[in-house]
Amino acid sequence: MKGKDLLTLSELTPSDIESILSLSARLKSQRETGLGSGALRGKSVALIFEKPSTRTRVSFQVAIGELGGQPISLSSNEMQLGRGETIEDTGRVLSRYVHCIMARVNNHADIVGLAKASRVPVINGLSDLYHPVQVLADLLTLVEHKGQVQKPKVAWVGDGDNVCNSWALGAALTGIDFVAATPRGYEPARDAIKEASAMARSTGATVKVISDPSVAVSGADCVMTDTFVSMGFEKEGRKRRKAFLPKYQVNARLMAKAKKDAIFQHCLPAHRGEEVTAEVIDGPASVVFDEAANRLHTTKALLCFLVLSKSEFSTLKL
Ligand code: CP
Ligand code: NVA
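Residues numbered from 1 in each chain as written. Chains lettered and ligands numbered in written order. Predicted model: local features only at pLDDT ≥ 70, side-chain atom pairs only at ≥ 80, totals over all residues. Heavy atoms only, no water.

It is worth spelling out the packing of aromatic side chains at this point. Under the counting rule described, the total for this entry stands at five aromatic pairs. Note on Trp 167 and Phe 178: the rings are 5.9 Å apart at their centroids and 10 degrees apart in plane angle, and the pair reads as stacked. Separated by 11 residues along the polypeptide, Trp 167 in helix 6 (residues 162–174) and Phe 178 in strand 6 (residues 177–181) bring together distant segments of the chain. The two residues Trp 167 and Phe 178 agree in class, both being buried. Measuring from ring centre to ring centre gives 6.3 Å for Phe 244 and Tyr 248, while their planes differ by 90 degrees; the resulting arrangement is edge-to-face. Taken together, Tyr 186, Phe 228, Phe 244 and Tyr 248 form an aromatic cluster joined through their ring pairs. Just above the ring of Phe 49 sits the side chain of Arg 57; from NZ or CZ to the centre is 4.3 Å. (Phe/Tyr/Trp six-rings, centres within 6.5 Å; stacked < 30°, edge-to-face > 60°. Helix = DSSP H or I, 4+ residues; strand = E, 2+ residues; numbered from the N terminus. Buried < 20%, exposed > 50% of the residue type's maximum accessible area, 1.4 Å probe, protein only. Lys NZ or Arg CZ within 6 Å of the ring centre and 35° of its normal.)

With that settled, the discussion passes to the sheet that holds strand 5 (residues 153–157). Read across the sheet, five strands follow the order 7-6-5-8-9 without closing on themselves; strand pairing throughout is parallel. Both outer strands of the open sheet, strand 7 (206–210) and strand 9 (263–266), are each paired with one neighbouring strand and no more. Between one strand and the next, the sheet's axes are offset by a mean angle of 20 degrees, whatever the strand orientation. On the sheet, helix 5 (residues 132–146) packs against strand 5, strand 8 (222–225) and strand 9 and is oriented at approximately 170 degrees with respect to strand 9. (Pairing = 2+ DSSP bridges. Axes fitted to C-alpha atoms, helices over the stretch in contact; angles between N-to-C directions. Contact = heavy atoms within 4.5 Å.)

As a further point, take the site of ligand 1. In the region of ligand 1, the neighbouring residues are Ser 53, Thr 54, Arg 55, Thr 56, Arg 104, His 131, Gln 134, Cys 267, Leu 268 and Arg 295. At 3.0 Å from a nitrogen atom of ligand 1 is found a main-chain nitrogen or oxygen belonging to Cys 267. Between ligand 1 and Leu 268, the relevant distance is 2.9 Å, taken from a nitrogen atom to a main-chain nitrogen or oxygen of the residue. Compared with its free state, where it exposes 260 Å², ligand 1 has 95% of that area covered by protein. Of the residues belonging to the shell around ligand 1, the class tally is two nonpolar, five polar and three charged. (Near = heavy atom within 4 Å. Polar contact = N/O pair within 3.5 Å; in protein donor to acceptor, adjacent residues only side chain to side chain. Areas by Shrake-Rupley, 256 points an atom, 1.4 Å probe, with all protein chains shown as cover. Nonpolar A, V, L, I, M, F, W, Y, C, P; charged D, E, K, R; others polar.)

This part is about the environment of Glu 66. Position of Glu 66 among the secondary structure elements: in helix 2 (residues 55–66). Between the alpha carbons of Glu 66 and Gly 34 there is a distance of 7.7 Å; along the sequence they are 32 residues apart. Excluding its chain neighbours within four sequence positions, the residues that come into contact with Glu 66 are Arg 31, Gly 36, Ser 37, Gly 38 and Lys 300. Only 2.6 Å separates the side chain of Glu 66 from the side chain of Arg 31, close enough to count as a polar contact.

Moving on, we come to the packing of helix 5 against helix 12 (residues 288–307). For any two helices packed against each other, the geometry comes down to the angle between their axes and how far apart the axes lie. Running from amino to carboxyl end, helix 5 crosses helix 12 at an angle of 115 degrees, the nearest separation of the two axes being 8 Å. As the angle between them shows, helix 5 and helix 12 are arranged roughly perpendicular. As helix 5 runs across helix 12, the sense of the crossing is right-handed. Along its contact with helix 5, which presents Val 133, Gln 134, Leu 136, Ala 137, Asp 138, Leu 140, Thr 141, Glu 144 and His 145, the element helix 12 presents Asp 290, Glu 291, Asn 294, Arg 295, Thr 298 and Leu 302. Residues belonging to the contact of helix 5 with helix 12 are distributed by class as follows: five nonpolar, five polar and five charged. (Parallel < 35°, antiparallel > 145°, perpendicular 65-115°, else oblique. Left-handed = near helix turned anticlockwise from the far one by under 90°.)

The full count for this structure, using the stated rule, is zero disulfides. Between Cys 100, a cysteine without a disulfide, and Cys 304, which holds the nearest cysteine sulfur, the sulfur-to-sulfur distance is 11 Å. Exposure remark for Cys 100: the relative accessible area of 0% places this residue in the buried category. (Disulfide = S-S within 2.5 Å.)

The subject of this paragraph is the pairing of strand 6. Of all five residues making up strand 6, four are buried, and the element is well covered by its neighbours. By the bridge criterion, five bridges tie strand 5 to strand 6 in an arrangement that is parallel. Within the sheet, the bridge partner assigned to Trp 156 lies in strand 6 and is Ala 180. With helix 6 bridging strand 5 and its parallel neighbour strand 6, the resulting β-α-β unit is right-handed. Examined bridge by bridge, strand 6 and strand 7 share five bridges and lie parallel to one another. Bridge pairing in strand 7 places Ala 180 opposite Val 209. The β-α-β motif built from strand 6, the intervening helix 7 (residues 190–203) and the parallel element strand 7 has right-handed crossover chirality. (Right-handed = clockwise from strand over helix to strand, strands pointing away.)

Counted under the stated rule, the structure contains 12 salt bridges. Salt-bridge contacts for Lys 259 lead to Asp 221; the nearest nitrogen and oxygen are separated by 2.8 Å. One end of the pair, Lys 259, is in the loop between helix 10 (252–255) and strand 9; the other, Asp 221, is in the loop between helix 8 (213–217) and strand 8, with 38 residues separating them in the sequence. Between Arg 240 and Glu 236 there is a salt bridge; the shortest N-O distance is 2.9 Å. (Salt bridge = Lys/Arg side-chain N within 4 Å of Asp/Glu carboxyl O.)

See the structure below:
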């Protein structure tokens, strides 16, 4: 692990990801036995939201509660942050109260500033550039459904957005063949691809960005997409739909080019008839609700990984 924070996903080493995913699987299979209750006893976690959220908000709150900790969910407009207090001062103050801070921010620079000012681990719960906690859940979902495949091929179709950027890093760290098909002008962030390509050299992964969705999806084990209009980009909605549709829609015709048993993932919320058709997202290849469920289990494991000491984590007296 590089540093104390999870801001993009590239802070983790391949073995960190392996530890987090294997603990996630244990916490998932033994949830009903109360495994993990007490791991965060006496610890509080602040959850700051500058943008709406369903999955991130609820999965973090439930995860912290089930681990015996106290979640404190805050909308930025209810905080002094919304009246101009700096993100750095917010981080300095909150980190004197709580043991971890998760924040969903508009500008990635803000989560970087928050992490620098904070004494405790900071988790990016989505910024305009990265969404690392989503990709941990997606990786667990991929392992659950395609664990038997040596080097799975994952095809991303559509916008090279925050989820796609973290996915390029996640694929590079875990030895996946990742290809993103995006229209011109909507490619993933150059820095993310550069970093992912450098990491891929040591893990045997491949990370490619192309423009043809059919080529990307051909022979894929997993096809993924996300909204064409991410939060904060609403004003560009019409222009974006024009750039993406119809070519970048994941429909049955496109899915037919993937492997016969390919799965479909989407971080949600989805827009049926735009980035994906109902026949695909509500069809047999779709694992989107397993993926959403996995947000809870990977979040629990991530919190244990970041908040507990190394020895507490490895001996996990859960
Ligand atoms: N996938 C995801 O992060 O969903 P929310 O925006 O509902 O948190
Ligand atoms: N790319 C989407 C993800 C939502 C979870 C957004 O930023 O709105």
